[in-house]
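# Coordinates in review
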Amino acid sequence: MKILGICLLVVTAVFLFGCRTVSYESYFTDEYLYARWLPIPIDSNTSRGQIVEKLGDPSKIYENGRIAVYRAIVHEWKNGMNDKQYATWSAAKNFPAGMIEKWRFEHLDAEGALLVVTPEHEAKYQKEIIASVLEFHLILVYGNEGVVLRHGLVRRQP
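Only a predicted model underlies this, so the values are computations on that prediction, with no experimental measurement involved.

Rules and cut-offs
Residues numbered from 1 in each chain as written. Predicted model: local features only at pLDDT ≥ 70, side-chain atom pairs only at ≥ 80, totals over all residues. Heavy atoms only, no water. Buried < 20%, exposed > 50% of the residue type's maximum accessible area, 1.4 Å probe, protein only. Helix = DSSP H or I, 4+ residues; strand = E, 2+ residues; numbered from the N terminus. Pairing = 2+ DSSP bridges. Arc of directions from axis to C-beta. Core = buried A, V, L, I, M, F, W, Y, C linked by side-chain atoms within 4.5 Å. Salt bridge = Lys/Arg side-chain N within 4 Å of Asp/Glu carboxyl O. Phe/Tyr/Trp six-rings, centres within 6.5 Å; stacked < 30°, edge-to-face > 60°. Lys NZ or Arg CZ within 6 Å of the ring centre and 35° of its normal.

When you tally the buried positions in strand 6 (residues 134–142), you get eight out of nine residues, the bulk of the element. As paired elements, strand 3 (residues 67–75) and strand 6 share eight bridges and run antiparallel to each other. From the neighbouring strand, Y70 faces strand 6, where its bridge partner is L138. Pairing of strand 6 with strand 7 (residues 148–156) involves eight bridges; the strand directions are antiparallel. Across the sheet, V141 pairs through a bridge with R150, a residue of strand 7. Where strand 6 hands over to strand 7, the hairpin turn is made up of five residues, of which G146 adopts a positive phi near 80 degrees.

Considered for burial, the residues of helix 3 (residues 30–37) that qualify are L33, Y34 and W37. All buried residues of helix 3 fall inside an arc of 110 degrees around its axis, so they share one side. Every exposed residue of helix 3 that faces more than 90 degrees away from the buried side is listed here: E31 and A35.

Quick look at the nonpolar core now. By size, the foremost hydrophobic cluster in this structure holds 22 residues, and its most contacted members are Y70, L134, F136 and L138. Listing elements by their share of this core, those giving two or more residues are helix 3, helix 4 (48–55), strand 3, helix 6 (102–111), strand 6 and strand 7. By residue number, the principal contributor to this core is strand 6, which donates five residues. Of all hydrophobic cores here, the second largest spans five residues; its members include I73, L115, V117 and I129.

Turning to the environment of E145, a few remarks are in order. Relative to the helices and strands, E145 is located in the loop between strand 6 and strand 7. Here the alpha-carbon distance between E145 and S44, two residues 101 residues apart in the chain, equals 9.7 Å.

Glancing now at the pattern of salt bridges. What the rule picks out here adds up to seven salt bridges. Measuring nitrogen to oxygen at the nearest pair gives 3.5 Å for the salt bridge that ties R36 to D109. Here R36 is found in helix 3, whereas its partner D109 is found in helix 6, with 73 residues between them in sequence. Given the relative accessible area of 33%, R36 is considered partly exposed. A salt bridge links E122 to R71, with the nearest nitrogen and oxygen atoms 3.4 Å apart. Of this pair, E122 sits in helix 7 (residues 119–124) while R71 sits in strand 3; the two residues are 51 residues apart in sequence, bridging distant segments of the chain.

Next up on the list: the packing of aromatic side chains. The full count for this structure, using the stated rule, is one aromatic pair. Ring geometry for Y32 versus W37: centroids 6.1 Å apart, planes at 90 degrees, classification edge-to-face. In this structure Y32 comes out as partly exposed when scored by relative accessible area, which is 28%. Judged by relative accessible area, which is 9%, W37 ranks as buried. Residue placement shows R48 over the ring face of Y142; its charged tip is 3.9 Å from the ring centre.

Written out as structure tokens, the structure is:
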């Protein structure tokens, strides 16, 4: 166990000193998140069905379905994550003030897949959720006709 701790410390130190870091907001802007991983909810034009077709069921619903919240992460482990990967990525994730190495963002951009976190996914993809560096909530407010009235994107610091 001590060897693993030392290895993680060395890996973290290498990342801190050997790579250029960037912030979440500067690399993955809201506009980019919409273009790359989300359907573009156009207020007064996008139906609930179109959203569900693209994202699946929401993570939470409020006010009898009038408000839908999608908790989403972008992760790069399409075939799941083993314990060794989890230890490495979790250690590398903990940079101060939302900063992380640029190469990880580039890898995430190239290999990343969107996962909407539901209770089923939370149990199945626990390691991927914890190790992720990009998490946000898409909040949709629907009108009586089932069409998006307003939407917003809230970033979460995972």
